[in-house]
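One-letter residues, chain by chain:
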Amino acid sequence: MENKGKVPVVNKTAYALGTGAGNIYNQIAAAFLLQYYTDSALIGAGAIATMFLVCRVFDGISDFVMGGIIDKTHSKLGKARPWLLLSAPLMLIGMFLLMNVPMGASDGGKLIYAYATYIFMNCIVYTIYGIANTAMLPLMTDNPKEHTMLATFQSLGNNIIGLIAGSAITPLVMNTGWRVSSIILGVIAMVLILISGLLNKEVGTGNDAGGVPVRESAPMGEQLKGVLKNRYFYILVLIGVFPLLMLRSIASSMRRSARR
């Protein structure tokens, strides 16, 4: 009975690697994307700050929708696993498009391209990956102790790969440029996600798999009402929006100083 729902170390490690893959994009988005848009693509910092703020709204909506889609997914591969596997090639495509703004386009054309590719990557690709990867954890086992161990491996993979990626991106870009770097980073992220998606299986989705009975999900409308009644939801919204407003304010100040 002690081994019921036991997840082998190789599967925990694979899940950690898949989780760390997402942090490759997080490092790009948090520390390098603004610099790429302003210094390499020559798009105004104020316009990019506004884009980040607008896309954050779409991101919140897409997260909610994707959670409902996974909840209603029933396939031979499971509920979340098919979406995790789908996100792997999309991650490569998204990273490549994100960091390859057409330099021959007009200023307006560059901004439109930035909006389209950032929404695609952040609000579609990363949402599919992030929701599916998070949903995999409870679906891999029905053993609460193993949930804790998987979460520990998840945190380790996230931090270790994030540290490696954060340290490697700058020299990689300096030596190969943004185009080649986007391909290299995208391929690495894709492979890590595939390792997790191919090695891990869902076992806690029903009685036939030895898991818990499937429970009926509340309609999306009721879920939305529950979210809107949760005060912590609004706190998280403020926490997410405040840095973007500060970024826009700083960009506007820099623009005014430059004009003087």
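What counts and what doesn't
Residues numbered from 1 in each chain as written. Predicted model: local features only at pLDDT ≥ 70, side-chain atom pairs only at ≥ 80, totals over all residues. Heavy atoms only, no water. Helix = DSSP H or I, 4+ residues; strand = E, 2+ residues; numbered from the N terminus. Buried < 20%, exposed > 50% of the residue type's maximum accessible area, 1.4 Å probe, protein only. Contact = heavy atoms within 4.5 Å. Areas by Shrake-Rupley, 256 points an atom, 1.4 Å probe, with all protein chains shown as cover. Polar contact = N/O pair within 3.5 Å; in protein donor to acceptor, adjacent residues only side chain to side chain. Core = buried A, V, L, I, M, F, W, Y, C linked by side-chain atoms within 4.5 Å. pLDDT = per-residue confidence, 0-100. Expected span 1.5 Å × (residues − 1). Salt bridge = Lys/Arg side-chain N within 4 Å of Asp/Glu carboxyl O.

Attention shifts here to the overall build of the chain. The helix and strand tally for the chain stands at 7 helices and 0 strands. Each helix and strand of the chain, placed in order from N terminus to C terminus, yields the pattern α-α-α-α-α-α-α. In the chain, which comprises 260 residues, the share counted as buried stands at 38%. Pairs at least 24 apart in sequence give 81% of the contacts found in the chain among residues at least 6 apart. Summing over all exposed atoms, the chain offers an accessible surface of approximately 14200 Å²; the carbon and sulfur share of this is 67%.

All right, on to the environment of Thr 176 then. Structurally, the position occupied by Thr 176 is in helix H5 (residues 144–199). Side-chain polar atoms of Thr 176 contact the backbone oxygen of Leu 172, separated by 2.7 Å. For Thr 176, the side chain forms a polar contact with the side chain of Ser 181, separated by 2.9 Å.

Attention now moves to unusual backbone geometry. In the Ramachandran plot, Leu 42 falls in the positive-phi region, its phi being about 60° despite a non-glycine side chain. Relative to the helices and strands, Leu 42 is located in the loop between helix H1 (9–40) and helix H2 (45–71).

Glancing now at the nonpolar core. Counting residues in hydrophobic clusters, the biggest one holds 52 residues, and the most contacted among them are Tyr 37, Met 91, Met 95 and Tyr 118. Counting only elements with at least two residues in this core, the list comes to H1, H2, helix H3 (81–98), helix H4 (107–139) and H5. In contact with Met 91, not counting residues within four places along its chain, are Tyr 25, Met 121, Val 125, Tyr 126, Tyr 129, Ala 189 and Ile 193.

It is worth spelling out the confidence of the model for the chain at this point. Overall, the predicted model of the chain reaches an average pLDDT of 82, with 77% of residues at or above 70. Across the chain, H3 holds the top mean pLDDT of 95, while helix H7 (residues 231–259) sits lowest at 56. Per-residue pLDDT stays below 50 along residues 206–215; that stretch engages in 15 contacts with residues further than four places along the chain or on separate chains.

For H2, with 27 residues, the first-to-last C-alpha span of 38 Å sits near the 39 Å given by 1.5 Å per residue. For H2, the set of buried residues is Gly 46, Ile 48, Ala 49, Met 51, Phe 52, Cys 55, Asp 59, Ser 62, Met 66, Gly 68 and Ile 70.

Time to look at the pattern of salt bridges. Scanning the entire structure with this criterion turns up 2 salt bridges. For Glu 146, the salt bridge is made with Lys 6, and the minimal N-O distance between the two is 3.7 Å. A residue pair is termed long-range when its members are at least 10 positions apart, and Glu 146 in helix H5 and Lys 6 in the segment before H1 qualify at 140 residues. The exposure class assigned to Glu 146 is buried, which follows from its relative accessible area of 4%. A salt bridge links Glu 146 to Lys 12; the shortest N-O distance between them is 3.1 Å. Taken together, the residues span a long stretch of sequence, with Glu 146 in helix H5 and Lys 12 in helix H1 at a distance of 134 residues. The burial state of Glu 146 is the same as that of Lys 12; both residues are buried. Via salt bridges that share partners, Lys 6, Lys 12 and Glu 146 belong to a single interconnected network.

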